[in-house]
Amino acid sequence: FLWGVGSSAYQTEGAWDKDGKGPSIWDAFTHKKGKVFRNETGDSACDGYYKVKDDIQLLKEMKVNHYLFSISWPRIMPTGIKTEQLNEKGIQFYNDTINSLLENNIIPIVSLYHWDLPQVLQEKYGGWQNISMINYFNDYANLCFEKFGDRVKHWITFSNPWAVAEKGYETGEHAPGLKLGGCGAYQAAHHIIKTHAKVWHSYNNTWRSEQQGMVGISLTSGWGEPVDPYSQTDRDAAERYIQFHLGWFANPIYKGDYPEVMKNYVGRKSAQQGLGKSRLPTFSVQEKTYIKGTSDFLGIGHFTTRYVLQKSFPFLRASSYHTDHELAELVDPKWPAPGPKWLYSVPWGFRRLLNFIKTQYGNPLIYVTENGVSEKVQCTQLCDEWRIEYLKGYINEILKALNDGVNVKGYTAWSLLDKFEWNKGFSERFGFYHVDFKNKNKPRYPKASVDYYKKIITANGFPNQREVENWYQRSMDTCSTAHQLLATDSLITHMEMVTEIALPTVFTLCILISIVLLIFYLRNHS
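First, a word on scope: everything that follows refers to the structure included in this document. Positions within a chain are numbered from 1, following the residues in the order the chain's sequence is written. pLDDT decides what is reported in this predicted model: residues at 70 or higher carry local features, side-chain atom pairs at 80 or more are listed and counted, and totals for whole chains, interfaces and linings draw on all residues regardless. Excluding hydrogens and water, the side-chain figures rest on all heavy atoms present in the structure.

## Considerations on the overall build of the protein chain
A tally of regular secondary structure across the protein chain gives 17 helices and 13 strands. Here the radius of gyration uses the C-alpha set of atoms, whereas the globule reference equals 2.2 Å times the residue count to the power 0.38. In terms of overall dimensions, the protein chain is globule-like: its C-alpha atoms have a radius of gyration of 25 Å, near the 24 Å expected for 526 residues. Taking the principal axes of the C-alpha coordinates as reference, the protein chain spans close to 100 × 60 × 55 Å. A 1.4 Å probe rolled over the protein chains alone gives each residue an accessible area, and that area as a share of the maximum for its type sets the label: buried under 20%, exposed over 50%, partly exposed in between. Within the protein chain, buried positions represent 58% of all 526 residues. Counted over contacts in the protein chain with a minimum sequence separation of 6, partners at least 24 positions apart contribute 76%. Here the open area of atoms and residues is found with the Shrake-Rupley method and a 1.4 Å probe, where only the protein chains shown may cover a residue. Carbon together with sulfur atoms contributes 55% to the accessible area of the protein chain, which is approximately 22,100 Å² in total. Helix numbers and strand numbers start at the N terminus; a helix is a DSSP run of H or I with at least 4 residues, a strand a run of E with at least 2. By definition, residues are in contact when any of their heavy atoms lie within 4.5 Å.

Written out as structure tokens, the structure is:
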């Protein structure tokens, strides 16, 4: 069983325009005012581009087996088009990262796409709305297999494509910020699924025999629980919740087509609108055969659960993804919610999701690719007991799922560092390590959860209750030491800032006063 942590390129690397990197849609999006909380950007983020060796030392300290990170497409291919330009410095950066991980006995798990599409492809072609992305992305993927595939054996084509499609092309909350109501998300997802299949076939035909690696996809989904488990309409609504999130991408990959319930609901809504065909695109017979079976493993991102019930929306000429599935989501006010309003800690939902995957998709090999909790607080919190509770609860449910016969082989906690959280800026902190973004050096400080997770990894799970309670106590002791260090460093940084500002100011004032006095003196004597 593999234990690891993850992160993504745009959220951590920074160096957005350095060493030949081209702009991504997230660079363009965050540079527009009003798109991100406090107008923050990932221009420098965690400065991970410059601190990669330091961060690998943190991974080594945590004793992780693997590190999941993403490659920035525009860092190695500035315009996104292979024939136009390659950036050797970008390729060297990822070569160095991979080599450094392997030197420290850490397995690299690499995502080819964590949302940072080259901006040129968005401007020229409309990004994932355009079928030409399939070939451009396939060229990029093949370059990565060629340059890094001798050492990388676990590839993820797309991380959380649901968010790319829904937030990028339906609600516009994420880059590229388009609100193409009703069709945008479905069109983007359709092209992403076809792209994923093409990349899998490329690897299968060209690289697999030589490199012996695996190619999968990482899908993020909550669990939907019926409000009334005895009500058929609530049970159906909960099923739709899962199918419109997970099934949207997993069903074509494992069964060759979109879920029947999606086709029925979107088709019916489209007909009511008077459209000639469904807003949900269709796959040809050849495409269904081509797409089915294109995953060597299924990556699963999971954070929370919702209660679900049937909700009919009044007839709207402008139907959207959110009205198509005819459901409402509820939460239990008793569920712990340490971070943002959307992320409630509901561990039992994870086991149910994993069992659903086992039943629906023929018990595929699963790696958990994202699971974690953020805090949304203004003051620094290094004693993160809520994260420890969250980890304990969710990891324990994975163990139960293993005992149920689910083929889950790895767990990736999200995330290594506090980082740029998309349209939420730096206001949500998912990291095991606190990053002081006010300090120009972006120092990292361990939270209590670092010590706790390290003990889980070393023991490969939970030995017994007393031992686990001891872990908790010892972890809490470590965070008070880290707090003292942070307080000292903050004071020094504050003093440095005061010195940097105050000394030049005093010096300038002294010169001005001297000039004024000199003028007075000369006037009096003349």
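From this point on, the discussion continues.
## Observations regarding the sheet that holds strand 11 (residues 408-414)
Two strands are counted as paired when DSSP detects at least two bridges linking them. Strand order in the closed barrel formed by 8 strands is 1-2-3-4-5-7-10-11, with parallel pairing between adjacent strands. Strand-to-strand twist across the sheet, computed as the mean angle between neighbouring axes with direction ignored, equals 25 degrees. In the sheet, strand 2 (residues 66-70) pairs with strand 3 (residues 107-111) via 5 bridges, with the strands oriented parallel. Across the sheet, leucine 68 pairs through a bridge with isoleucine 109, a residue of strand 3. Fitted lines through C-alpha atoms serve as axes, helices being fitted only where they are in contact, and the angles separating the N-to-C directions of these axes extend from 0 to 180 degrees. Across the face of the sheet, helix 9 (residues 184-211) comes into contact with strand 4 (154-159) and strand 5 (214-220) while running at roughly 165 degrees to strand 4.

## Re the pairing of strand 6 (residues 223-226)
Residues of strand 6 alternate between two faces, with Trp223 and Glu225 on one and Gly224 and Pro226 on the opposite face, all of them buried. Sheet topology note: the strand 6/strand 8 (residues 305-310) ladder contains 4 bridges and is parallel. Residue pairing across strands places glycine 224 opposite arginine 306, the latter belonging to strand 8.

## Topic: the pattern of salt bridges
Criterion for a salt bridge: a side-chain nitrogen of Lys or Arg within 4 Å of a carboxyl oxygen of Asp or Glu. Per the stated rule, a full pass over the model turns up 30 salt bridges. Lysine 194 is paired through a salt bridge with glutamate 287; the nearest N and O atoms lie 2.9 Å apart. Here lysine 194 is found in helix 9, whereas its partner glutamate 287 is found in helix 12 (residues 285-291), with 93 residues between them in sequence. The partner of aspartate 418 in a salt bridge is lysine 447, with the nearest N and O atoms 2.8 Å apart. Of the two residues, aspartate 418 is situated in the loop between strand 11 and strand 12 (433-435) and lysine 447 in the loop between strand 13 (444-446) and helix 16 (448-459); the sequence distance between them amounts to 29 residues. On the accessibility criterion, aspartate 418 (0% relative accessible area) is buried.

## Focus: the sheet that holds strand 9 (residues 327-330)
Pairing in this open sheet of 3 strands is mixed, and the strands run 6-8-9 from one edge to the other. Taken across any chain shown, the strands that pair with only one partner, and hence form the sheet edges, are strand 6 and strand 9. Neighbour-to-neighbour, the strand axes of this sheet turn through a mean angle of 40 degrees, independent of strand direction. With 4 bridges joining them, strand 8 and strand 9 adopt antiparallel strand pairing. Bridging from a neighbouring strand, glutamine 310 pairs with leucine 327 of strand 9.

## Notes on the nonpolar core
General note: in soluble globular proteins, nonpolar side chains tend to be found buried as a group. Here, nonpolar core refers to any group of buried Ala, Val, Leu, Ile, Met, Phe, Trp, Tyr and Cys residues whose side-chain atoms link them within 4.5 Å. Judged by nonpolar contacts, the single largest core of 143 residues is most densely connected at Trp128, Trp155, Trp248 and Tyr453. Judged by nonpolar contacts, the second largest core, of 7 residues, contains Leu2, Leu68, Ile109 and Tyr367.

## A closer look at helix 8 (residues 161-169)
For helix 8, a buried count of 8 out of 9 residues is recorded, marking the element as mostly surrounded by other parts of the structure. Listed in full, the buried residues belonging to helix 8 are Pro161, Trp162, Ala163, Val164, Ala165, Glu166, Gly168 and Tyr169.

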